[in-house]
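The chain contents come next:
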Amino acid sequence: MSGKDPKRPGLRPSSIAPPAPSAATPPPPAPPPAAPTDDERWMEVALTHAKNGRPSPNPHVGAVVVLDGELVASAHHERAGTDHAEVVALRAAGARSIGASLYVTLEPCNHHGRTPPCTDAIIASKVARVVIGCRDPNPHVEGDGATKLRAAGIEVVVGVREDKALAWIAPWAKHITLGLPYVSLKLALSLDGRIATRTGESKWVTGPDARAKVHLLRSRSDGIAIGIGTALADDPRLTVRDTPGESPLRIVFDTKLRLPIDSRLVQTARDVPTLVLCGLEAPVSAEEELLRAGVECVRGPVSAEGRLDVLAALRSLAQRGIVSLMVEGGAELAGSLLAGRYADELHVFVAPILLGPRGRAGAVDWAGPDTPQKAPRIASPAWELVGNDAYVHGPILYPE
Ligand SMILES: NC(=O)c1ccc[n+]([C@@H]2O[C@H](COP(=O)([O-])OP(=O)(O)OC[C@H]3O[C@@H](n4cnc5c(N)ncnc54)[C@H](OP(=O)(O)O)[C@@H]3O)[C@@H](O)[C@H]2O)c1
């Protein structure tokens, strides 16, 4: 992934400008999209397997073994510490891996981690070809899996469906290269861009289908964060309820430790792990009370504005293994993350309701850009209808 910004997975500016259309000659019709090659089709199958499992802090990886145009075996990386996807697929293929093609979404590892090098298992399997989605961006590991496979006489193709393969490993790539979690910012808005009523009420802006989607997103994250403003206004549980899956670590940005002991977060802290990030000067008595209730408190530096230093807070979360962090508001925390360019992905639900101008000032409380051209944006937005709500999501691009 050399030369690419891990904060912008899969987004590359076009370097070749198309010729300007002339008024005299109509532009030629666009050529039909090229049919996918066999390698692209099988890599797509491997990519569908990559989304399975809960491998954090490892990356999502999928693999398939194909012999004479037929699928022999498929697998994904289920959990950190278990065998990697390509090793599981080759084991399932058995003798049918001899002379076959292995499709794997991430370059196979060539080093001893918690499991032996995948390159050894691939060479031993006697596959003829290995097709790789994207290179391993890990700067901390020595050894080049593709080179070792080629040296063993295996044909290796790298970069098939690379953008999609990079998108699957984006959280892991950011975590290992920058030491920061990959931040997904979720906002639920009214048509007039408000996140709560004039009384501060936000339950519920969006409908049940959108909320179920949010629970699915939570179940795929290592942590869910809110600011103390949301904790005080909404008293949320922040658990995974409307979908199967484990509840991730619940995190509150709370400089002065104002989180009430009788809040639902604190009252359920013995069942669902809960962490409060607070300032170095936060009252010790409040920390002791929270600790007794099963809440972990982590102190960190405070910025000139008197709030938690966001970069230091994110670093401390990454150090404790939070690779993917979902931030569920409110406006002030969202504003700090966007202003600092720490948010990597947006998940915005827009409900067909109007909350009025005396509702919260807006979804994101920050100065914002001085021109629309400088506005952070979803470069390739995916739009969906979820129940009665619109759902737009995708990686954030920050123009220079
Ligand atoms: N519709 C939605 O999706 C949605 C989601 C969430 C919330 N809401 C609504 O939003 C409202 C709450 O929003 P809010 O903006 O007041 O609350 P917020 O962003 O959840 O919390 C803000 C507070 O977090 C603390 N904080 C600590 N470090 C921070 C940092 N670096 N940057 C920003 N904040 C930091 C600050 O208090 P200290 O200085 O005391 O630590 C700050 O006042 C409620 O009405 C809630 O219902 C709506």
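Residues numbered from 1 in each chain as written. Predicted model: local features only at pLDDT ≥ 70, side-chain atom pairs only at ≥ 80, totals over all residues.

Chemist: Outline the overall build of the chain, listing residues and values.
Modeler: Each helix and strand counted, the chain has 11 helices and 15 strands in total. In terms of C-alpha radius of gyration, the chain reaches 24 Å, essentially the compact-globule figure of 21 Å for 400 residues. For the chain, the spread of C-alpha atoms along the principal axes amounts to about 70 × 65 × 40 Å. Across the chain, every contact between residues at least 6 apart in sequence was considered, and the portion connecting residues at least 24 apart equals 72%. (Helix = DSSP H or I, 4+ residues; strand = E, 2+ residues; numbered from the N terminus. Rg over C-alpha atoms; globule rule 2.2 N^0.38 Å. Contact = placed C-beta atoms within 7 Å.)

Chemist: How would you summarise the site of the ligand if you had to cite specific residues and measurements?
Modeler: Lining the immediate surroundings of the ligand are 31 residues, of which G227, G229, T255, G329 and G330 lie closest. Within the residue set of the shell around the ligand, elements represented by two or more residues are β6 (182-189), β7 (223-227), α7 (228-234) and α11 (331-339). When residues of the shell around the ligand are assigned to their parent elements, the largest contribution, 5 residues, is made by α7. Residues belonging to the shell around the ligand are distributed by class as follows: 13 nonpolar, 9 polar and 9 charged. (Near = placed C-beta within 6 Å. Nonpolar A, V, L, I, M, F, W, Y, C, P; charged D, E, K, R; others polar.)

Chemist: Got a sec to walk through unusual backbone geometry? Specific residues and values, please.
Modeler: Each neighbour pair has its own omega, and for S56 with P57 the value is 10 degrees, a cis peptide bond. Following the sequence through the fold, P57 ends up in the loop between α1 (38-50) and β1 (62-67). With omega at -5 degrees, the peptide bond leading from K203 into W204 counts as cis. Along the chain, W204 falls in the loop between β6 and α6 (208-219). The backbone of L238 sits at a positive phi, close to 60 degrees, despite the residue not being glycine. Structurally, the position occupied by L238 is in the loop between α7 and β8 (249-253). Since 26 C-beta atoms lie within 10 Å of it, L238 is described here as buried. (Buried ≥ 20, exposed ≤ 12 C-beta atoms within 10 Å, placed from the backbone.)

Chemist: Report on the sheet that holds strand β5 (residues 155-158), specifying residues and quantitative values.
Modeler: Pairing within the open sheet is mixed, and its 5 strands lie in the order β2-β1-β3-β4-β5. Of all strands in the sheet, those bounded by a partner on one side alone are β2 (70-76) and β5. Neighbour to neighbour, the strand axes of the sheet diverge by 15 degrees on average, direction disregarded. In the sheet, β1 pairs with strand β3 (residues 101-106) via 4 bridges, with the strands oriented antiparallel. (Pairing = 2+ DSSP bridges. Axes fitted to C-alpha atoms, helices over the stretch in contact; angles between N-to-C directions.)

Chemist: Outline the pairing of strand β9 (residues 274-279), listing residues and values.
Modeler: Within β9, 5 of the 6 residues are buried, which leaves the element mostly enclosed by the surrounding structure. Across 4 bridges, β8 lies against β9 in parallel orientation. Opposite I251, over in β9, you have L275 as the bridge partner. Where β9 and strand β10 (residues 296-300) come together, 5 bridges link them in parallel fashion. Bridge pairing links V276 to C297 in β10. With helix α9 (residues 284-292) bridging β9 and its parallel neighbour β10, the resulting β-α-β unit is right-handed. (Right-handed = clockwise from strand over helix to strand, strands pointing away.)

Chemist: Which residues make up the environment of L149, and what are the values?
Modeler: If you trace the backbone, L149 turns up in helix α4 (residues 145-151). For L149, a count of 24 C-beta atoms within 10 Å puts it in the buried group. Residues L149 and D120 lie 29 residues apart in sequence; the distance between their C-alpha atoms is 8.7 Å.

Chemist: I'd love a proper account of the packing of helix α2 (residues 85-93) against helix α3 (residues 118-125), names of residues and values included.
Modeler: Packing of α2 against α3 leaves a shortest axis separation of 9 Å and a crossing angle of 25 degrees. By the angle between their directions, the pair α2 and α3 is classed as roughly parallel. The crossing of α2 and α3 is left-handed. Here α2 contributes E86, V87 and L90 to the contact with α3, which in turn contributes C118, A121, I122 and S125. Partitioning the contact of α2 with α3 into residue classes produces 5 nonpolar, 1 polar and 1 charged. (Parallel < 35°, antiparallel > 145°, perpendicular 65-115°, else oblique. Left-handed = near helix turned anticlockwise from the far one by under 90°.)

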